Amino acid sequence: MRNNENVVFFKSLLKAPLKTGAFFPSSRNLASSISSFVNIPEPDEYILEIGAGTGRLTSALLERGIPGSQLIILEMQPSLVKFLRKTVPCVTVIEGNATDLLSLLPEKTIGNIQTIVSGIPMVNLRLSDQQQIVTAVKNVMKPDGTLLQFTYRPGSPLPSSKLGLDQRYLGHVFLNMPPAAIWEYKTAHHTALHPASFAFMNHFKFKRAGL
Ligand SMILES: C[S@@+](CC[C@H](N)C(=O)[O-])C[C@H]1O[C@@H](n2cnc3c(N)ncnc32)[C@H](O)[C@@H]1O
């Protein structure tokens, strides 16, 4: 099975190198480290994996104890989708682009996704493409939901402030070729000041200035 997995992965790399973004599937170490940051969902919550590849992270999420009935995985390459439907039949496998999550996901999951685990090589994307994926993620995730992303490059793989995200570095996994970093993102909910607060502040500013 492992040989077959490598062949399927390698073919997808030849077909779409930038979208695949890695020479090998994630190691078991990386996959289990990422899954350790995923909480077991409540009965009405879901976990979504985007860019599932050959399903390394999927298997680790199932081993972590995420019920297959609450795990949805998305992949855009048809050959990989076929492979996933055969190898992880207990989860919902969806074929499509992560930019279209709102129309692709089952209605009951929208707004009930607790964590999204991403294998999509975000660093290879233009800002406008990152924006489309992050908007799609925010549209389907719970307001306090989490996006987990791994990267082989130094620094955050997403420009958080431009994308309206709060970021947190979770650590490195050195037993992976190449070593990878894991990052966590949440929707930035900046406390906006009510217009009345500005009027109140201006009142004192002008009073102090004797106006
Ligand atoms: C580096 S592989 C990761 C595979 C797997 N998650 C792993 O860790 O081994 C990235 C995968 O993301 C998929 N992908 C890239 N962009 C995507 C998009 N916009 N929507 C859905 N899948 C995408 C690619 O086809 C590829 O299978």
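A brief report on the enclosed structure follows.

The rules behind the values
Residues numbered from 1 in each chain as written. Predicted model: local features only at pLDDT ≥ 70, side-chain atom pairs only at ≥ 80, totals over all residues. Heavy atoms only, no water. Core = buried A, V, L, I, M, F, W, Y, C linked by side-chain atoms within 4.5 Å. Buried < 20%, exposed > 50% of the residue type's maximum accessible area, 1.4 Å probe, protein only. Helix = DSSP H or I, 4+ residues; strand = E, 2+ residues; numbered from the N terminus. Contact = heavy atoms within 4.5 Å. Polar contact = N/O pair within 3.5 Å; in protein donor to acceptor, adjacent residues only side chain to side chain. Near = heavy atom within 4 Å. Pairing = 2+ DSSP bridges. Axes fitted to C-alpha atoms, helices over the stretch in contact; angles between N-to-C directions. Salt bridge = Lys/Arg side-chain N within 4 Å of Asp/Glu carboxyl O.

This part covers the nonpolar core. Leu48, Ile50, Leu101, Leu105, Ile116 and Leu158 are the most contacted members of the largest nonpolar core, which totals 26 residues. Looking at this core, the elements that each hand over two or more residues are β1 (46-50), β2 (71-75), β4 (113-118), α7 (127-140), β5 (141-151) and β7 (180-187). It is α7 that contributes the most residues to this core, five residues altogether. Excluding residues within four positions of it along the chain, Ile50 makes contact with Leu74, Ala98, Leu101, Ile116, Val117, Ser118, Gly119, Ile120, Ile133 and Val137. With 24 residues, the next largest nonpolar core counts Ala31, Leu71, Leu84 and Ala180 among its residues.

Within the secondary structure layout, Arg56 lies in helix α4 (residues 56-64). By relative accessible area, which is 16% here, Arg56 ends up buried. Here Glu5 takes part through its side chain, which lies 2.9 Å from a polar atom of the side chain of Arg56.

Turning our eyes to something else, we now look at the site of the ligand. Looking at the ligand, there are 23 residues lining it, with Thr20, Ser26, Gly51, Glu75 and Asn97 nearest. Interatomic distance of 2.6 Å between a side-chain N/O atom of Glu75 and an oxygen atom of the ligand. One nitrogen or oxygen atom from the main chain of Met76 is found 3.5 Å from a nitrogen atom belonging to the ligand. Looking at the shell around the ligand, the elements with two or more residues in it are α2 (17-20), α4 and β2.

Our next topic: the sheet that holds β5. Strand order in the open sheet formed by seven strands is β3-β2-β1-β4-β5-β7-β6, and the pairing between neighbours is mixed. Looking along the sheet, the strands with just one partner apiece sit at the ends: β3 (92-95) and β6 (165-173). Geometrically, the sheet is characterised by an average inter-axis angle of 20 degrees between neighbouring strands, direction not taken into account. Relative to β2, β1 is paired through four bridges, and the arrangement is parallel. Note that in β2 the partner of Ile47 across the bridge is Leu71.

Under the definition given, this model contains five salt bridges. One salt bridge connects Arg28 with Glu63, and the closest N-O pair in it is separated by 3.4 Å. Placement of Arg28 in helix α3 (residues 28-36) and of Glu63 in helix α4 is noted, with a sequence separation of 35 residues between them. Here the two residues Arg28 and Glu63 agree in accessibility, since each one is exposed. Lys142 is the partner of Glu45 in a salt bridge, and the nearest nitrogen-oxygen pair spans 2.8 Å. Of this pair, Glu45 sits in the loop between α3 and β1 while Lys142 sits in strand β5, placing them 97 residues apart in sequence.

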